[in-house]
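# Coordinates in review
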Amino acid sequence: MQETLKQCLGVDVSKKSLSLSLGALGSNLKKNFTSHPDIKNDISGFKILKAWLTKTVNNNVDFYILMEATGVYHQEVCHYLYNLGYKVCVMQSGRVKRYVQSLDQRSKTDALDSKMLSMLGLERELRLWEPPSKELQQLKSLSRERSSLLKDRTTEINRQGAIASSSYSNPKAAKRHKKRLQLINEQLAVIEQEMRDLVSEYPVLSKRIGHLESIPGVSFISAATVIGETLGFESISNAKQLTSYAGYDVVLRESGSFKGKTKISKKGNSHIRAVLHMPSMTCVRCNPTLKCFYNRLKPNKSKPLVALVAVQRKLLILMYTLWKNEENYDSEFENKKAAKALSLCCTG
């Protein structure tokens, strides 16, 4: 009999159902998989999953549950399994996709996806998931509501412009559009005040967001939105992972004599990219570090916007660093770093 070294349950999450595949890694490094019929993504399905795991899982062997982050649909089952004491891991979809591509797996079904997740969990070292704090979840909810209203406001402004430019305009319709725009602006003000009130209730959160606000060009709303969208960078372990999460990772396409354009993937959190646009434009004027960075890049880029996107990426990494280190922005940091490196070279 082969000894079991590790067990991992792969859970493919959709809005209405969960697809399950339980894998076991033997001492001969072979993997065995046990599937289960799909269950509902609600409390009745969770109870079925609990009963199956109780009967099937070997309690003397390390056991992990791995799933992809799928918007909000994975959150309820994550909390349920975490409260039962299981080791839950949530992985960004981009990493799982690249793993599947490396296996040359061309078919795609929910059952296969859950098996791939189980296989990935057996082969790799996993980072455990912990529920984000209540205040961060509330902050994310408010930032998403604000983002939605901003889109509605842009749509409403465009509609008013079209009505004003039309050869025929209905005064009553124009009045209704004006009222809708006024209501959106009022709701935006209320949401932003709720974000400020929420943060002020938690001194630690308020202090750490203050570190981000110390960056010239970064407002409270920008900092709070980034923290809300990343849930305090809870699933981020390094700068490279953060840029990929926000869609700022650089994609280069070259093959033989073909030289494609270098661009960002945009396969990430669009809310972060949207909220960093205005701060980046302010930073290139008043932030000493990012202003020099932008001026150095701009002449080498075909469009100024490309250099501005690079500033957004650098700004996001800077916010992540200050949050993790719990430090305020230091405009002389780069000069101090260069001076220290120079002194070390001279000493050597």
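The rules behind each value
- Residues numbered from 1 in each chain as written.
- Predicted model: local features only at pLDDT ≥ 70, side-chain atom pairs only at ≥ 80, totals over all residues.
- Heavy atoms only, no water.
- Axes fitted to C-alpha atoms, helices over the stretch in contact; angles between N-to-C directions.
- Helix = DSSP H or I, 4+ residues; strand = E, 2+ residues; numbered from the N terminus.
- Left-handed = near helix turned anticlockwise from the far one by under 90°.
- Contact = heavy atoms within 4.5 Å.
- Nonpolar A, V, L, I, M, F, W, Y, C, P; charged D, E, K, R; others polar.
- Salt bridge = Lys/Arg side-chain N within 4 Å of Asp/Glu carboxyl O.
- Buried < 20%, exposed > 50% of the residue type's maximum accessible area, 1.4 Å probe, protein only.
- Pairing = 2+ DSSP bridges.
- Right-handed = clockwise from strand over helix to strand, strands pointing away.
- Arc of directions from axis to C-beta.
- Polar contact = N/O pair within 3.5 Å; in protein donor to acceptor, adjacent residues only side chain to side chain.
- 1 Å grid on protein atoms, 1.4 Å probe; cavity = no way out; pocket = protein on both sides within 12 Å on 5 of 7 lines; lining within 4 Å.
- Points joined across faces, edges and corners; volume = space filled by probe spheres on them.

Further remarks concern the packing of helix 5 (residues 134–165) against helix 8 (residues 220–230). Between helix 5 and helix 8, the shortest axis-to-axis distance is 8 Å and the interhelical angle comes to 115°. In the crossing of helix 5 with helix 8, the sense of the turn from one axis to the other is left-handed. Contacts between helix 5 and helix 8 involve Leu136, Leu139, Lys140, Ser143, Arg144 and Arg146 from the former and Ile221, Ala224, Thr225, Ile227, Gly228 and Glu229 from the latter. Across the contact of helix 5 with helix 8, the residue classes break down as 5 nonpolar, 3 polar and 4 charged.

This structure, assessed with the given rule, holds 7 salt bridges. Among the ionic pairs, Arg146 bridges to Glu192, the shortest N-O distance being 2.9 Å. Linking Arg146 in helix 5 with Glu192 in helix 6 (residues 171–200), this pair joins segments that are 46 residues apart in sequence. On the basis of relative accessibility, which here comes to 23%, the residue Glu192 falls in the partly exposed class. Among the charged side chains, a salt-bridge network with shared partners connects Glu156, Arg159 and Arg180.

Most of strand 5 (residues 87–91) sits inside the fold, with 4 of its 5 residues counted as buried. With 5 bridges joining them, strand 4 (residues 62–68) and strand 5 adopt parallel strand pairing. Within strand 5, the position partnered with Leu66 by the bridge is Cys89. Each parallel crossover has a hand, and the one from strand 4 via helix 2 (residues 75–83) to strand 5 is right-handed.

Note on placement: Thr34 falls in strand 3 (residues 31–40). Residue classification places Thr34 among the partly exposed positions, given a relative accessible area of 38%. Taking the C-alpha atoms as reference, Thr34 lies 12 Å from Ser19; in sequence the two are 15 residues apart. Non-local contacts of Thr34, meaning those with residues more than four positions away in its chain, are made with Ser21, Leu22 and Trp52.

With that settled, the discussion passes to helix 12 (residues 288–297). Regarding helix 12, the residues found buried are Thr289, Leu290, Phe293, Tyr294 and Leu297. All buried residues of helix 12 fall inside an arc of 125° around its axis, so they share one side. In this structure, helix 12 carries Cys292 and Arg296 as exposed residues pointing more than 90 degrees from its buried face. Its side-chain oxygen placed 3.1 Å from the backbone nitrogen of Thr289, Asn287 serves as the N-cap of helix 12.

Let's shift gears to the packing of helix 7 (residues 203–213) against helix 13 (residues 304–325). When two helices pack together, their arrangement is given by the angle between the helix axes and the distance between those axes. Look at helix 7 against helix 13: their axes get within 8 Å of each other, and the N-to-C directions meet at 140°. For the pair helix 7 and helix 13, the crossing hand works out as right-handed. Between helix 7, through Leu205, Arg208, Ile209, His211 and Leu212, and helix 13, the contact on the second element is made entirely by Met319, Leu322, Trp323 and Lys324. For the contact of helix 7 with helix 13, the class distribution of residues is 6 nonpolar, 1 polar and 2 charged.

Let us look at the layout of surface pockets. Over the atoms rolls a probe the size of a water molecule, and its path tells where empty space is left. Taken as a whole, the second largest pocket encloses approximately 900 Å³ of empty space. The greatest single-element share of the lining of the second largest pocket, amounting to 8 residues, is contributed by helix 13. Looking at the lining of the second largest pocket residue by residue, the class counts come to 10 nonpolar, 7 polar and 8 charged.

The strand order across the open sheet formed by 5 strands is 3-2-1-4-5, and the pairing between neighbours is mixed. The two strands at the open ends of the sheet, each matched to only one other strand, are strand 3 and strand 5. Each strand of the sheet is rotated relative to its neighbour by a mean of 20°, with strand direction disregarded. With 9 bridges joining them, strand 1 (residues 4–13) and strand 2 (residues 17–26) adopt antiparallel strand pairing. Paired with Lys6 across the strands is Leu25, a residue of strand 2.

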